[in-house]
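Given next are the chains, with one letter for each unit.
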Amino acid sequence: MPCPLAPLGIDINSVKGFLSANEGEALYRAAAQASTVGPVLEVGSYCGKSTLYLAAACKAHNNLVYAVDHHRGSEEHQPGELFHDPSLFDSDAQQVDSFKHFRRNLQTAGLSDYTVAIVASSSLAAQRWQTPLGMLFIDGGHSLKGALEDYRSWVCHLRRGGLLAIHDLFEHAEEGGQAPIAIYRLALASGLFEAVDRCDSLGILRRL
Ligand code: SAH
Ligand code: MG
């Protein structure tokens, strides 16, 4: 079933972000499936593009998405870097601030009631986390240290039968950074996961 975002009154193409429509649909399907297992947690929300797909599935299946992001941007979003967006720069604070955009987009789509925003770094949010998860979507910082930290902080909370989705998987360094695929391979090598779906640069694994 395709993700019903259009009737929710938001034009997904107008939302800033880094997810293709096909990847968004694959995330939606995964979250819909995982909803019987437990709630969804995403690391890296930015302006909420991926969150919208996850929250739409949560709305349809009586579930919740925890959206973890400090909203200060990754390395590549900082001034002078390749993916810096001046419209997300708070000149008073002299820092990137994607939270305003995130909140507005979720509100416009009427999906705020299915989304718990956690404005904190991934490692801080994980410190006292206890809730078992049905789905984990990792799309935060793309340094190897950051990706490994996200993997180690959150994967232990994923229930058996739950889904692990990782964005920005590139086989070769010429296509893109190698940290996300490093944790994807780590998950497979652990023997705890099987690959269940692949769409553009999004990979989905099931916790055995
Ligand atoms: N999923 C989004 C894109 C996320 S971009 C989409 O669909 O468009 C990566 C995001 O990760 C940025 O917003 C950045 O602020 C966040 N991020 C990077 N490192 C983080 C960390 N250590 N803790 C929390 N958020 C982090
Ligand atoms: Mg990404």
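Look up: the structure comes first, before these words.
Residues numbered from 1 in each chain as written. Chains lettered and ligands numbered in written order. Predicted model: local features only at pLDDT ≥ 70, side-chain atom pairs only at ≥ 80, totals over all residues. Heavy atoms only, no water.

(A) Broad picture of a nonpolar patch on the surface. The grouping of Phe18, Leu82 and Phe83 at the surface amounts to a nonpolar patch, some 340 Å² of accessible area in total. Inspection of the secondary structure assignment puts phenylalanine 83 in the loop between strand 2 (65–68) and strand 3 (89–90). (Patch = residues over 30% accessible without salt bridge, like charges linked within 9 Å, V, L, I, M, F, W, Y side chains within 5 Å. Areas by Shrake-Rupley, 256 points an atom, 1.4 Å probe, with all protein chains shown as cover. Salt bridge = Lys/Arg side-chain N within 4 Å of Asp/Glu carboxyl O. Helix = DSSP H or I, 4+ residues; strand = E, 2+ residues; numbered from the N terminus.)

(B) Here's a closer look at the site of ligand 1. Every one of the 20 residues lining ligand 1 counts as a neighbour, but Gly44, Ser50, Asp69, Ser122 and Asp139 are closest to it. Here an oxygen atom of ligand 1 sits 3.1 Å away from a polar atom, N or O, in the main chain of phenylalanine 18. In this structure, aspartate 139 approaches ligand 1 through a side-chain N or O atom, which is 2.7 Å from a nitrogen atom. Taking 580 Å² as the accessible area of ligand 1 by itself, protein coverage stands at 92%. Of the residues in the shell around ligand 1, the class split is three nonpolar, 13 polar and four charged. (Near = heavy atom within 4 Å. Polar contact = N/O pair within 3.5 Å; in protein donor to acceptor, adjacent residues only side chain to side chain. Nonpolar A, V, L, I, M, F, W, Y, C, P; charged D, E, K, R; others polar.)

(C) Quick look at the coordination of the magnesium ion (ligand 2). At the metal site, the magnesium ion (ligand 2) is ligated by Asp139 (OD), His167 (ND1) and Asp168 (OD), and these contacts range over 2.2 to 2.3 Å. Mapped onto the sequence, the residues coordinating the magnesium ion (ligand 2) show the spacing D-x27-H-D. Here histidine 167 lies in the loop between strand 7 (158–166) and helix 6 (179–189) and aspartate 139 lies in the loop between strand 6 (133–138) and helix 5 (144–154), a separation of 28 residues in the sequence. Histidine 167 matches aspartate 139 in its accessibility class, with the two residues each being buried. (Donors = N, O, S within 2.8 Å, 3.2 Å for Na, K, Ca; no water. Buried < 20%, exposed > 50% of the residue type's maximum accessible area, 1.4 Å probe, protein only.)

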